[in-house]
Amino acid sequence: MPRRRGPRRRAGGLRAWAALAAALTLAAPPAAVAGETVLRARLNADIVSTDPGVRRDENTDAVLLHVVEGLVAYREDLSVGPLLAARWDVSRDGRVYSFRLRAGVRFHNGAPLTSAEAVWSLRRYLDPKTHWRCLHEFDGGGYAKILAVAAPDPMTVRITLDKPSPGFLSTLARVDCGETAILHPSSVGPDGTWRAPIGTGPFRLARWTRNQAIELVRFDGYQTLPGPRDGNTGGKRALVDKVRFLVIPDGVAAEAALLRGDLDVLDGVLPIETGELKRHADVRLDVHPSLDIYALLFQTRDPLLRDPRLRQAIALTLDIPGLARAVTQGAAQPNRSVVPVASAFHDAVQARIPAANLVQARRLAAAAGYRGQPIRLIANHRYPAMFDAAVLVQAMARQAGIRIDIDTLDWAAQLARYNAGQYQAMTFGYSARLDPSLSYDALLGDKQADPRKVWDDPVARSLLTASRETGDAAARTAVFDRMHALFLQDVPAVVLFNSARIAAFRANVVGYRGWPAAQQRLWGVGFR
Amino acid sequence: MSPAARTARYVAKRLLLSVPTLLLAALFVFVLIRLLPGDPAQVMLGEGADPDAVAALHRQMGLDRPAPMQFVTWLGSALHGDLGTSVATGQPVLPLLLQRFQVTASIVLSAVAIATLLAVAGGLLAAWRHGRVLDRAIVAAATISMAVPSFWLGLMLLLAFGVKLRWLPVVGYVPLHENLGAGLAYLVLPVATLAIVESGVLTRMMRASALDVQRLEFVTHARAKGASELAVMVRHVLPNAFAPTLTLAGLTLGHLLGGAAVIETVFTLPGLGRLVVESILARDYPVVQGCLLFTALIYVLVNLAIDLCYPLLDPRVTVVG
């Protein structure tokens, strides 16, 4: 005779399951030792190395700039300010920079900062064997060549250039250059191989468990600059004992971790995910305009797109504000200029966005001899905004009878096609560049020598050189305005928008704030 | 020749025959990964990289040498147990993939074992109650589990047990040898997801085999002798119906041990599958080559192990050395 499970037995079963669940939950590693504050933030991929500015990507830069610091760094308003240098003097001919180091700064190993470490660090970067990302900027191929690095006294570093260069300091401060961080020589082994960064930042690197987590510990001997948080320069106070970056590739899993309380800060939220997050009372959002650029690139050497009238026609089909709104759920700022909206150089001239004009677009396309030939537009799914923008470009161009077919590639393949210039059109994203000269430099150049360059206009190239040779803001604005006019006329690309950097964090987290450099900063961030 | 000697000879012969298979697999992987457009140096240095820096990194990675020379060098090193160094992280490939394999193996072995147990029980029950409500319910459940994508099921379990009920952690991984309790807590959801997804097809296979065996005369004879239904199903039907399910379980095991990339991504587990996917996206040639060669080896070994299990289940099957 079959036996029925009685209510008592069912209750016993439930209790057993609850006990098992409780045991497993209790067995999970504690978020922190009692009394210790740990801020947990998400990385969408692991860091590449711990060698700043050498083996790097965006995540690597963001993590390591909590650990290391340069002589100068970017402020909140994207101007360059002192960090390890207390001040600097420039010689009359603009070629010699003398940096006076801040007194009292110590490395994570307790050693005091002197000019010896600064000279050692700079010479290491200038050694081609280091493979520093920004070496080409200082070996004669970029702004200016560094001829000598010297230490006239224990607290002064002297850098001699071959020619004056207003962009010198901003290049030193670049995030992708690792801020040209000053490191202690024991960061490398006796044979010069990289060990671990011994820097001067508010946190020191404690542990890197590859593909899982990076743990930073507060450096109690840190000497912050006075004042509030200011870009990567001042107010770098560590408000927590530890920062733990958790590598969580999947966006939904990261969101679940935030909602459950396993994560405190979730940076790089996709616009489409914000709707769900807004519904939770214990989650806050931080939306900040970025300096990156999303654009529709044309290959101006393509037999079909060689005619600027066809490129102008496609540009005229695009409702840029509508496209930006649709792709980013209204988070991004529409922009037709290479100079990002958040830049101080984005003036009224750059802010004007030509309206879509389908009649004029048809007329120009016909004048260019366009007869409905398909134009192949490359996009990818790794960056959803690029794919979504491609779909909208396709739909908008169709209204003027211009046929666009989308080829979806993986990111590495698209990057290879971009670098080789092998495409008709592609939607592409340029990471944040903190100076408009750098933004233009990404697009502008000799296609023969460098096929990835999108715009090969001799007048614009001379203007770019002029923009680098002056430090006067008004003069530079005028140069950028002229370049913008040329860019709109020639249409080698259509800038679509500058995205917004969206971060979500738990309601008990205080002090989190994004900034245009789109780099996660966890100093000055703590718990309520 | 004794059975043990025959088995040893058989194993040696199979392992020897697997050498050309592995060599061919190595060649295919080497060629195919290089046919993909994309350059590891470019991916590593990003969109704004200086072409000279890309070329220098190319030289540093040894990618400027002719492809046949790269293959011969790599194969020579591989034969000595050195699978090269990751171009993205600079880590030696062999320790890296062994470390990742431990994670994958802990999930996959548990999941396939649970899925097989579920399938045996479910398949036998369904065959025993053939055409009745229980049979239909089991078939429906198996069909649903086959149809549900693993990423969706994983996310649903994660939201239910992690976010809503807060019983289990949602992201992270703790090795079992470091903390058994915490390690198990992190494995429950991925193992449950994989077990549910994989149990469907195994259950269908077990049910079909059990139905075939039930129709045979010796089963009728056993029933006629008065054996209980439990005894008939367990002693007579199960051993004779299990071989196809075991083969399928072996194939599943081989396939999943090569990496359960989706599950590993959803649950943020540092396993072999995620390593392969990340390496392909980064065009990290040595890691992709190492992982896929390792996967091929796992396939060979799992299949061999399954073949050696058949004589244990069915005395009529013998190993011919």
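Reading guide: rules and limits
Residues numbered from 1 in each chain as written. Chains lettered and ligands numbered in written order. Predicted model: local features only at pLDDT ≥ 70, side-chain atom pairs only at ≥ 80, totals over all residues. Helix = DSSP H or I, 4+ residues; strand = E, 2+ residues; numbered from the N terminus. Buried ≥ 20, exposed ≤ 12 C-beta atoms within 10 Å, placed from the backbone. Contact = placed C-beta atoms within 7 Å. Rg over C-alpha atoms; globule rule 2.2 N^0.38 Å. Axes fitted to C-alpha atoms, helices over the stretch in contact; angles between N-to-C directions. Parallel < 35°, antiparallel > 145°, perpendicular 65-115°, else oblique. Left-handed = near helix turned anticlockwise from the far one by under 90°. Nonpolar A, V, L, I, M, F, W, Y, C, P; charged D, E, K, R; others polar. Pairing = 2+ DSSP bridges. Core = buried A, V, L, I, M, F, W, Y, C linked by C-beta atoms within 7 Å. Expected span 1.5 Å × (residues − 1).

Engineer: So what's going on with the overall build of chain B? Residues and values would help.
Structural biologist: Assigned secondary structure in chain B consists of 13 helices and 0 strands. Each of the 321 residues in chain B was classed as buried or not, and the buried ones make up 42%. Sequence-distant contacts in chain B: of pairs separated by 6 or more residues, those separated by 24 or more amount to 72%.

Engineer: Any chance you could break down the overall build of chain A for me, citing the residues and the numbers?
Structural biologist: Within chain A one finds 16 helices and 21 strands. The C-alpha atoms of chain A give a radius of gyration of 26 Å, which matches the 24 Å a tight globule of 528 residues would have. Considering only C-alpha atoms, chain A reaches an extent of 85 × 85 × 40 Å along its principal axes. Burial status across chain A gives 47% buried among its 528 residues. The contacts of chain A with a sequence gap of at least 6 include a subset with a gap of at least 24, amounting to 70%.

Engineer: Report on the packing of helix α1 (residues 3-35) of chain B against helix α13 (residues 285-313) of chain B, specifying residues and quantitative values.
Structural biologist: All names here are of chain B. As a packed pair, α1 and α13 sit with axes 9 Å apart at the nearest point and diverge in direction by 155°. On the basis of their axis angle, the class for α1 and α13 is roughly antiparallel. The two elements α1 and α13 cross, and the hand of that crossing is right-handed. Touching Thr-7, Val-11, Arg-14, Ser-18, Thr-21, Leu-22, Ala-25, Ala-26, Val-29, Phe-30 and Ile-33 of α1 are Tyr-285, Val-288, Gln-289, Leu-292, Leu-293, Ala-296, Leu-297, Val-300, Leu-304 and Leu-308, all from α13. Of the residues belonging to the contact of α1 with α13, the class tally is 16 nonpolar, 4 polar and 1 charged.

Engineer: I'd love a proper account of the interface of chain A and chain B, names of residues and values included.
Structural biologist: In this complex, chain A contributes 37 residues to the contact, which on the side of chain B involves 44 residues. Contributions of two or more residues to the side of chain A that touches chain B are made by α1 (7-27), α6 (251-260) and α13 (411-420) of chain A. By residue number, the principal contributor to the side of chain A that touches chain B is α13(A), which donates 7 residues. Here the side of chain A that touches chain B is composed, by residue class, of 22 nonpolar, 7 polar and 8 charged.

Engineer: Explain the packing of helix α5 (residues 93-128) of chain B against helix α6 (residues 133-147) of chain B residue by residue, including any values.
Structural biologist: All names here are of chain B. Remark: α5 packs on α6, axes separated minimally by 8 Å, with the N-to-C direction vectors making an angle of 140°. Considering their axes alone, α5 and α6 lie oblique with respect to each other. For the pair α5 and α6, the sense of crossing is left-handed. Contacts between α5 and α6 involve Gly-122, Leu-125 and Ala-126 from the former and Leu-134, Asp-135, Ile-138, Val-139 and Ala-142 from the latter. Considered class by class, the residues forming the contact of α5 with α6 number 6 nonpolar, 1 polar and 1 charged.

Engineer: Explain the pairing of strand β6 (residues 146-153) of chain A to me, using residue names and the numbers behind them.
Structural biologist: The two faces of a sheet get side chains in turn, since along a regular strand they alternate between them. Relative to strand β7 (residues 156-161) of chain A, β6(A) runs antiparallel, the two sharing 5 bridges. Residue pairing for β7(A): Ala150(A) is matched across the bridge by Arg158(A).

Engineer: Talk me through the sheet that holds strand β17 (residues 425-430) of chain A; I want residue IDs and the actual numbers.
Structural biologist: Residue and element names in this part refer to chain A. Reading across the sheet, the 6 strands line up as β14-β18-β13-β17-β15-β16 and stay open at both edges, with mixed pairing between neighbours. Two strands in the sheet have a free side with no partner beyond their single neighbour: β14 (333-334) and β16 (404-409). Pairing analysis gives 6 bridges linking strand β15 (residues 375-380) to β16, with the strands arranged parallel. Within the sheet, the bridge partner assigned to Asn-380 lies in β16 and is Leu-409. Against the sheet, helix α9 (residues 320-328) touches β14 and β18 (493-498), its axis set at about 50° to β18.

Engineer: Explain the sheet that holds strand β4 (residues 85-90) of chain A to me, and be specific about the residues and the numbers.
Structural biologist: Adjacent strands of a sheet pair through backbone hydrogen bonds, lying either parallel or antiparallel. Residues and elements named next belong to chain A. With antiparallel pairing, the 4 strands of this open sheet are ordered in space as β4-β5-β7-β6. Only two strands of the sheet have a single partner each, and these edge strands are β4 and β6. Averaged over neighbouring strand pairs, the angle between their axes works out to 20° when direction is ignored. When strand β5 (residues 96-101) meets β7, the two strands line up antiparallel, connected through 5 bridges. Bridging from a neighbouring strand, Val-96 pairs with Thr-160 of β7. Along the sheet face, helix α3 (residues 115-126) touches β5, β6 and β7 and points at about 170° away from the line of β6.

Engineer: Could you give me a rundown of the nonpolar core, with the residues and numbers involved?
Structural biologist: Ranked by size, the top nonpolar core spans 238 residues in total, and within it Ala253(A), Ala295(A), Ala493(A), Leu496(A) and Ile107(B) carry the most contacts. At 16 residues, α5(B) tops the list of elements feeding residues into this core. Setting aside anything within four residues of it in sequence, one finds Ala253(A) in contact with Ile248(A), Leu158(B), Val170(B), Val171(B), Val266(B), Phe267(B) and Thr268(B).

Engineer: Explain the pairing of β7(A) to me, and be specific about the residues and the numbers.
Structural biologist: Every second residue of β7(A) is oriented toward a common face, the buried set being Val157(A), Ile159(A) and Leu161(A) and the non-buried set Thr156(A), Arg158(A) and Thr160(A). The loop that links β6(A) with its antiparallel partner β7(A) comprises 2 residues.

Engineer: Let's hear about the environment of Asn380(A): which residues, and what values?
Structural biologist: Residue and element names in this part refer to chain A. Within the secondary structure, Asn-380 is located in strand β15. As a C-alpha pair, Asn-380 and Asp-307 span 73 residues in sequence and 26 Å in three-dimensional space. Among all residues touching Asn-380, those that are not within four sequence positions of it are Met-386, Phe-387, Thr-408, Leu-409, Asp-410, Trp-411 and Gln-414.

Engineer: Kindly report on helix α4 (residues 67-79) of chain B, identifying the contributing residues and their values.
Structural biologist: The end-to-end C-alpha distance of α4(B), which contains 13 residues, comes to 18 Å, matching closely the 18 Å that a straight helix rising 1.5 Å per residue would cover. Downstream of α4(B) by a residue or two, Gly81(B) has a phi angle that is positive, lying close to 85°.

Engineer: Lay out unusual backbone geometry in plain terms, naming residues and giving numbers.
Structural biologist: A negative phi holds for most residues other than glycine; trans holds for most peptide bonds. Residues and elements named next belong to chain A. A positive phi angle, close to 70°, is found at Leu-78, a residue other than glycine. Secondary-structure assignment places Leu-78 in the loop between β2 (72-74) and β3 (80-82). The class of Leu-78 is buried, set by 21 C-beta atoms lying within 10 Å. At Val-491, a residue that is not glycine, the phi angle is positive and equals roughly 45°. By the element assignment, Val-491 lies in the loop between α16 (473-490) and β18. A count of 21 C-beta atoms within 10 Å places Val-491 in the buried class.

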